[in-house]
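Examination of the molecular architecture
Residue strings, one per chain:
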Amino acid sequence: MPQAFRYYETGAPEVLRWEHVEVGEPGPEEVRISHRAVGLNFADTYFRTGLYPAPLPAGMGVEGAGVIEAVGPGAPASPRATG
């Protein structure tokens, strides 16, 4: 089962929780990606601390690379297939 670091309130690193997450089918104009690498950077810290507002709950890793597993209606079939 997929796992992710999530937080339900802003604050210090102690607000992070390592959780199992449910990943469903992609909706319109969405893709489901199996991540192979996830980058954590200052933006993640800013979201976690509340410096950058974000809807909660939220997760860590705003950058990533992986393999497209499923494509929702209206989504490009390839990351390079933009209009």
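Cut-offs applied
Within each chain, residue numbers correspond to sequence positions counted from 1 in written order. Two thresholds apply to this predicted model, a pLDDT of at least 70 for residue-level local features and 80 or more for giving and counting side-chain atom pairs, whereas whole-chain, interface and lining totals are computed over all residues. Working from all heavy atoms in the structure, the side-chain values ignore hydrogens and water. Helix numbers and strand numbers start at the N terminus; a helix is a DSSP run of H or I with at least 4 residues, a strand a run of E with at least 2. Just to be clear on terms, a salt bridge is a Lys or Arg side-chain nitrogen sitting within 4 Å of an Asp or Glu carboxyl oxygen. Any residue under 20% of the maximum accessible area for its type is buried, any over 50% is exposed, and the rest in between are partly exposed; the area is computed with a 1.4 Å probe on protein chains only.

Looking up the chain in an unreviewed UniProt entry gives the name NADPH:quinone reductase-like Zn-dependent oxidoreductase, with the organism given as Nocardia kruczakiae.

Comments concerning unusual backbone geometry
At the junction of leucine 56 and proline 57, the peptide bond is cis and its omega measures out at 0 degrees in the coordinates. Relative to the helices and strands, proline 57 is located in the loop between α1 (42-49) and β4 (58-59). Of note, the phi angle at glutamate 29 is positive, near 60 degrees, even though the residue is not glycine. Turning to its location among the elements, glutamate 29 is positioned in the loop between β2 (17-20) and β3 (31-39).

Some remarks on the pattern of salt bridges
Taken as a whole, this structure holds 2 salt bridges when the rule is applied. With a closest N to O distance of 3.2 Å, glutamate 25 and arginine 32 form a salt bridge. A relative accessible area of 66% places glutamate 25 in the exposed class. Looking at arginine 32, the relative accessible area reads 19%, which means it is buried. Three or more residues joined by partner-sharing salt bridges are found here, namely Glu25, Arg32 and Glu69.

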